[in-house]
Each structure stands twice: as structure tokens, then as C-alpha cells.
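As a plain string of letters, each chain reads:
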Amino acid sequence: MVSDTQTQTGTSPSEKKEINGTNGQLDLEASHVLHNSLISIPPTVVSAEGSYVTFGTGRRVLDGCTGAAVAIIGHGNPEVLAAVQEQMSKVSYTHTVAFTTPVAEALANEILQGNPHGLSRAFFVSSGSEAMDSALKLARQYYVEIGQPQRTRLVSRQRAYHGNTVGALSVSSHVSRRAPFLDALVLNNVSYVSATYAYRGQLEGESEEEYSARLVQELDEQFQSVGPETVIAFVAEPVGGATAGCITAPKGYYQGVRRLCDRYGILLILDEVMCGSGRTGTYFAFEQEGPGVYPDLLTMGKGLGGGYAPMGAVLAHEKVIRGLQSGSSYFVHSHTYQAHAVGCAAALAVQKVLRRDGLVARCAAKGRWFEAALNATIGQRKYVGNIRGRGLFWGIEFVQNRATKEPFPPALRFTWKLVDEAFRRHLSIYPGAGTADGFKGDHVILAPPYNASDDEFEDLVRLLNEAYDAVETEVDLALVEGKRDGE
Ligand SMILES: *Cc1c(COP(=O)(O)O)cnc(C)c1O
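Rules used in this analysis
Residues numbered from 1 in each chain as written. Predicted model: local features only at pLDDT ≥ 70, side-chain atom pairs only at ≥ 80, totals over all residues. Heavy atoms only, no water. UniProt positions renumbered as here; feature names shortened; annotations may be inferred. Helix = DSSP H or I, 4+ residues; strand = E, 2+ residues; numbered from the N terminus. Expected span 1.5 Å × (residues − 1). Buried < 20%, exposed > 50% of the residue type's maximum accessible area, 1.4 Å probe, protein only. Core = buried A, V, L, I, M, F, W, Y, C linked by side-chain atoms within 4.5 Å. Domains from an automatic or database assignment. Disulfide = S-S within 2.5 Å. Phe/Tyr/Trp six-rings, centres within 6.5 Å; stacked < 30°, edge-to-face > 60°. Lys NZ or Arg CZ within 6 Å of the ring centre and 35° of its normal.

Looking at an unreviewed UniProt entry, one finds the chain named Aminotransferase, with Talaromyces pinophilus as its source organism. The Cofactor (unreviewed entry) comment attached to the chain in UniProt states, word for word, "pyridoxal 5'-phosphate". Turning to the chain, the UniProt annotation filed under Sequence similarities (unreviewed entry) states: "Belongs to the class-III pyridoxal-phosphate-dependent aminotransferase family."

Explain helix α13 (residues 341-356) to me, please; I cannot follow it from the model alone.
Think of an α-helix as 3.6 residues a turn; residues three or four steps apart then line up on the same face. Compared with an ideal rise of 1.5 Å per residue, which puts 16 residues at 22 Å, α13 spans 22 Å between its outermost C-alpha atoms and is within 8% of the ideal. Summarising burial for α13: 13 of the 16 residues are buried, a large majority.

Can you walk me through the nonpolar core in this structure?
Soluble globular proteins: nonpolar side chains tend toward being buried together. One finds Phe234, Ile396 and Phe398 to be the most contacted residues of the largest nonpolar core, which totals 98 residues. Here this core takes 11 residues from α13, the largest share from any one element. When we break this core down by domain, the ones giving at least three residues each are domain 1 (13-75 + 359-486) and domain 2 (78-356).

How should the state of the cysteines be read in this particular structure?
Each disulfide consists of a covalent bond between the sulfur atoms of two cysteine residues. Per the stated rule, a full pass over the model turns up 0 disulfides. No disulfide involves Cys275; its sulfur sits 9.2 Å from that of Cys246, the nearest cysteine. When its relative accessible area of 1% is taken as the criterion, Cys275 is described as buried. You can see Cys363 has no disulfide; the closest cysteine sulfur is in Cys246, sitting 11 Å from it. Residue classification places Cys363 among the buried positions, given a relative accessible area of 0%.

Explain the packing of aromatic side chains to me, please; I cannot follow it from the model alone.
Tallying each qualifying case throughout the model produces 16 aromatic pairs. Between the aromatic rings of Phe284 and Phe286, the centroid separation amounts to 5.5 Å while the plane-to-plane angle is 20 degrees, which identifies the pairing as stacked. In terms of burial, Phe284 and Phe286 fall into one category: buried. With 4.8 Å between their ring centres and 35 degrees between their planes, Phe398 and Phe414 make a pair best called tilted. Here Phe398 is found in strand β12 (residues 393-398), whereas its partner Phe414 is found in helix α15 (residues 414-424), with 16 residues between them in sequence. Looking at Phe398, the relative accessible area reads 0%, which means it is buried. A connected cluster of aromatic rings, assembled from ring pairs, spans Tyr383, Phe398, Phe408, Phe414 and Tyr468. When the ring centre of Tyr161 is taken as origin, the NZ or CZ atom of Arg177, which lies over that ring, is 4.3 Å away. For the cation-ring pair, Lys405 lies above Tyr199, with the distance from its terminal atom to the ring centre recorded as 4.5 Å.

Structure representation (C-alpha cells):
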């Protein structure tokens, strides 16, 4: 995923030259691709294998974030390659609105065998955003079918990211990704409550339980202020991804949310596009939120295809399916590439590797090591404000003052400095800015493959610390100079 005005690696044009030299780097004038940046071309990737990505310059980089938390079993897996080849030799494309394929059925069975948590049907699409739009439409149609068409509103959270299509962006609160489209391509029937962001949201002296209760109370008040009978759904990421960097909910939060949704008949849509598919150490991220927590609709994406094919999915609870069955029995929504056979084959192969190799358990176990390693090293440094996450999904938030939690001025570009220094050391990490309030704040996300080797994990932690040290030195100097200039 590309983050706002910067490329994945966050390099500015002048820095890029230094990183790539001229060898292997495309000339801006020679590209007809509309890259997100119109003034620079991102480094060219020519191959990837296991936990490493190789660039046109020959540079081999440890993939500490699997792109955008995507390549959960690493790159170039031969079993996925074989499955995709075999599927292509049978059938690549059929219009899945009219027909089905054995591989789409097999993928749905793989994920939903035994109806986990009451989830009974999967709707396969080609991205997380499509999955979110599909979930919003399925939720709305559910209420139309069961005779509650007055439900037209959605409630989401601050610091949420649910995708970039019009529907998905409308329930997102990523400030910079929304800004140009406000008043034109963003729905206005969405209201917001606070994120579960303990580092900045939990009050001094407030216990985790009290914080959790206060957030649930806020949601209740929000429902009441818009009229709970007008609300279609509450939308949330169990572990927040791109916007604030792996923020987790306080204990009891989702149980409280589930009770409120039940009380008012509001659907709960959990977006696990980034945190799902085992990333947090359980197959579904919400499984760590306590007994009784389940979604009416759940979205998947990034880890579903593991980067081998563009895939997304909505998993629907049997209650929603029954609602449609009591009415028209027809979901008024489809895509040309819905349940694409090759995409399903890739995703199925990824899920099989995950299960056979016990990679979700490995993710949980290695995650505990990773958390301890981060806290013991970079966690001790003066510009590190908070480390949070679960499994192999960790966010590190940077501040200029640990006591006051004051963020760096955005002009300092702390995140980009760190991402660049990491890249220089052959490590790729995922950037994030605007963490604190949508404008100020810096964080990075670490999301390595679940099957990275122990040595690769050690390298990741070491390279990250070395990159941080370089930035700390540079920033100390910049702050001293800034002070001098200010006097
Ligand atoms: C990435 C993401 C999306 C959007 O998925 P795309 O595949 O980029 O369309 C939606 N929700 C969350 C939580 C995400 O991280």
C-alpha cells in the first residue's frame, strides 16, 4: 500500500538517487505507470523469495512488514505456485455470478468448515476495500429484507482505516486519505466514536476496565444520539492497522460492544483485512477479545491471498444469511472478478500451508519473543513512546518527549527518516504518520512473515535498532540546530 504522498519506502527523490544509484532505477520520463508520486519513481522490485525482496539494483531487503502486512507465508512459495499453475491449466476465469468452481467452494470450506462463531458463508472479492463495500451493502440489504429500511446510518471510529473505495473510505477516518474527497465522494451518514488507543486515550489513574467501560459508554451515547433504530452497523478493526499502528482494545471492550449491538439490533462489522488471517496469533483477531464476541460480518484481505493474488472476502454470520433468505434470497451486489478461480486457488494454497505448518501458532509463539525483543531494545530508547500490538503485528510510536508524549513536528519527517535508514540497511518497514491526531505523530509497523527463520527475526530486530540509532543521532542534531535557529 502506498502511503499518501510518499512511496512505500518513503524516500524523497534526492534520497532515492543515493539509495539506488542509477543502476536499475527507472527514469521518470520513461514510465507510463501512474505511480502515486508524480515526481519520483519507486525502486523496482524484480524478485522475492522467502523473507527477502530483491531490487533491480541487486539490493536484497529483509521484508519486515511483508509489504502492507500481506505476505504472511513469505514470498515465492512453490506450493502456491503449483496450485496456481494447476488451476490455470483447468480454468482461470468464469463469471462467478452465473457459475461456481470447485476451488471457490474448497476455499470457503477451508475457512468456514463447522461454521466458526456462526459464520457460514464467504463472499470472495479482489481486495479489502471491495470486501468492506460488500459488507456495508450486505448489512444495509439485510435490514431492507427484514423490514427495517429506516436503518441508514453507520457508526465507525476515529483513526480507522477500512479502504479507499467510496464506501470503505466513508467509514474510514484516515485524515490525509480522505481530505481531497470530502463533500464529494465521502458518504455523510457516518458518525465516529473514539479509537481504542490506550497510549493517548486512557486517562491517568484510569484502569483498563474503566477505560473500556468509558469507550463502550461513548458508543452507547453515540447510538442514542443518532437514534439506535437508524443505525445499520458499527464498524471496527479488532487491532487497528494503517492509521494508528496496531492499536488494541482494552479488556472487555468488544464484549461491551457486542452487548450494545445486540440491545439495539445493530450489526457488528469487524474489519480484519490487515489484522486477520492469523496475524495476531489467532486465525481471527477477534478471538482474543473474550467469550461471546463475534461479528455479524467480517472482512478479510491482505493475508487471505498472502500477496499471491488480489483477494478479499466477507464472511457472513448465519443470522445475516437467514435475513436475506427470509426476503428476496438474492444479494444485490457482484463483481466481474468475484471468486476468481486463480485467486481462490492461491488463497486456498496459502491457507493450507498455514494450517499444515502450524503457522498461526508459530505467529503467536514468535510474537511473544518479538514483543520481548522489541521492548528490551528499541523500547528503551528516548524517542520511543509506545510499542503495541499482538502476534506478529507490532506498531512503534515515536515521540520527542516520553513524559509528555509530545509528537515530533511533521516537518521533521521522523517516520520517513527511519524507513529510509532501515532501507539503507536492507530492511523494509511500514511507515505511518499522523498517528497522534491525524496530522502529527509518527509510527512504523512491523509485520514479518509468520515463517521467517529465527535468524531473520534476530536480523530484523538488530537492523531496526541500528536504523533507529542513526535517526536518533540525526534528530538530536536537527533539534539542537532548530533551537539555535529559533533563538
Ligand atoms: C488495507 C486495508 C483495507 C483495504 O484493503 P485494500 O486491499 O487495500 O483495498 C481495509 N481495511 C483494513 C483494516 C486495511 O488495513
